[in-house]
Amino acid sequence: MRHFVDINTQTHLRILNASVPLCCIPKDSSLPSPTIDSLALVDINIVEGKVIGIHAARGSAGYVNHNVGIVDLRHGMVLPTFVDLHTHIDKAQTGERSRNADGTLSGADRSTASDAEFWNQDDVYRRMDFSLKCAYAHGTSALRTHLINMSDKQMQLTWPCFKILKEKWKGKVELQGVSLVVLSFFRDEQKAVQLANLVKSAGGMLGAAVCCAENGGDPNDDWTTCDRDRDALLDRVFTLAKERDLDLDFHVDENGNERAKGLLYIARKTIQHGYQGRVVCGHCCSLCYQGDQDLEVTMQAAKDAGVTVVSLPLVNQWTQDRDQQGRRTPRWRGVTLLHELRSKGIPVAMASDNTRDQFFAYGDLDMLEVFNQGCRMAHLDRPYQDWATTVGSVPADAMNLPQHGRIAPGLPANMVLFKARGYSELLARPQWDRVGDPCPPHWTPASFFCLGILSLSTSPAFHARTWQAACLKLACKYAQSPILLYYTCRMG
């Protein structure tokens, strides 16, 4: 295949005729006029693993140079490697051994608690490591995971595993960790200080769930809403973070209750404590049920606070508005108000959230799937505009990773290559199994590493062909190149 070159013998690489979203590359008046979907046809010049230039495509003529590796994409799309801002890899792959019987949020809480009996260091490490392999195989280069810390046992298991895996995956997946407890946890000042110190020592971030239960926002919810002492508890969270210079990442308003206004409370506290730009709020589902006046007040506060909102479309459409008896069709999709938030100037991202656990029975940490389903559920496709940044530069900025989520001169050439020539082709089919059916003999698993390419396979549970399993194994063992490319087939 002429698309595969060996970067071990060539330090100079040119990717020709690549369709790249304008939002993923620097603004340049010399670039060609974009397509209706805001894609620009460009050539990308790479030397020793770094992008040195992005120019208007000039076709493949004139590039016959034995000292330069040439990859002609023929209008295939290129995206930056993905950035997954909100995950739970400590709970991943537990959904079948401790099943959520009714699929509800409260059912997820109960079945997660029952799964605790299986947790030991080997179990937690193995599942977290496997999750990172899946994310990496799909083209993710940075990932933030929440770590459940409601008990001493959970604290003692999750953070040591996190520290080991953060070092193990360094250079492949930039791993960040956030402590996850309910807001009422902070009533115990001694335990709260203990947790904050542990988080600081592990290089993590502090988090809490606010107005996030199934009845979040109800005064009777003394677990996450905490009406009687909410202000004091939030002050304690922010003070602990400020004292230790920790960023904050909250679970917020994960329900369809009009009274759930955690985002507003957190935004106001962010401003009060001078913590603008250092807070992420995930879910924010209840915004869909806010009246216009309340919604405007909340969004203005979030904008003033510099809060990044991350939507979890796969998970929230699964748990939200679910009937415990399974007899009623859900009336809403669970996703937050992405269009309204972005129009207000609030940074919005999308992320995987849970994978094959009690809060979501499916998923594989595939950010292309997240983007795909997000586009469908939230109508992000007419036009696509800069929505690709929700899985790239926006979450990268929230994670303080300026080299991730974008393609630009001077940055590492971490990108995802597809043969799909536009969003319609890209999102029409899953990309992981499009290497051929059957796999052509010259497309062996080893072929995918001529460019440091990531495997096209996912988790072993879904491997229909042995060569796909081999791809994943080889990808995680041998793909050491700073150029991370994930290549698939197209029709036509």
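Right above here is the structure, for reference.
Only a predicted model underlies this, so the values are computations on that prediction, with no experimental measurement involved.

What counts as what
Residues numbered from 1 in each chain as written. Predicted model: local features only at pLDDT ≥ 70, side-chain atom pairs only at ≥ 80, totals over all residues. Heavy atoms only, no water. Helix = DSSP H or I, 4+ residues; strand = E, 2+ residues; numbered from the N terminus. Buried < 20%, exposed > 50% of the residue type's maximum accessible area, 1.4 Å probe, protein only. Core = buried A, V, L, I, M, F, W, Y, C linked by side-chain atoms within 4.5 Å. Pairing = 2+ DSSP bridges. Phe/Tyr/Trp six-rings, centres within 6.5 Å; stacked < 30°, edge-to-face > 60°. Lys NZ or Arg CZ within 6 Å of the ring centre and 35° of its normal.

J.: Mind showing me how you'd approach the environment of Leu198 here?
T.: Along the chain, the position of Leu198 falls in helix α4 (residues 189–202). According to the relative accessible area criterion, Leu198 is partly exposed, its value standing at 26%. Measuring from C-alpha to C-alpha, the distance between Leu198 and Trp159 comes to 8.1 Å, with 39 residues separating the pair along the chain.

J.: Help me understand the nonpolar core, please; the structure alone is not making it clear to me.
T.: Here is a general trend for soluble globular proteins: nonpolar side chains tend to be buried in one another's company. Within the largest apolar cluster, 117 residues are counted, with the highest numbers of intra-cluster contacts made by Phe250 and Met415. In this structure, Val310, Ala351, Val394 and Ala396 belong to the second largest nonpolar core, which totals 13 residues.

J.: What's the story with the pairing of strand β2 (residues 39–47) in this structure? I'm lost.
T.: In regular strands, side chains alternate between the two faces of the sheet. Summarising burial for β2: seven of the nine residues are buried, a large majority. As defined by bridge partners, strand β1 (residues 12–21) adjoins β2 across eight bridges and the pair is classed as antiparallel. By the bridge assignment for β2, Arg14 is matched with Asn45. Relative to strand β3 (residues 50–56), β2 is paired through six bridges, and the arrangement is antiparallel. Paired with Val42 across the strands is Ala56, a residue of β3. The hairpin formed by β2 and β3 contains two residues between the paired strands, and Glu48 there has a positive phi angle of roughly 50°.

J.: Would you take a moment to explain the packing of aromatic side chains for this structure?
T.: Between two aromatic rings, the relevant description is the distance of the centres plus the angle of the planes. Under the defined criterion, the tally for this structure stands at 11 aromatic pairs. Ring plane angle 80° and centroid distance 6.1 Å describe the contact between Trp318 and Phe360, whose orientation is recorded as edge-to-face. Of this pair, Trp318 sits in helix α8 (residues 313–319) while Phe360 sits in the loop between β13 (348–350) and α10 (367–378), placing them 42 residues apart in sequence. Taking relative accessible area as the criterion, Trp318 reaches 14% and is therefore assigned buried. Residue Phe360 is classed as buried on the basis of its relative accessible area, which comes to 4%. Taking the ring centre of Trp119 as reference, the NZ or CZ of Arg127 above it sits at 5.2 Å. Taking NZ or CZ as reference, Arg230 lies 3.8 Å from the ring centre of Tyr265, over its face.

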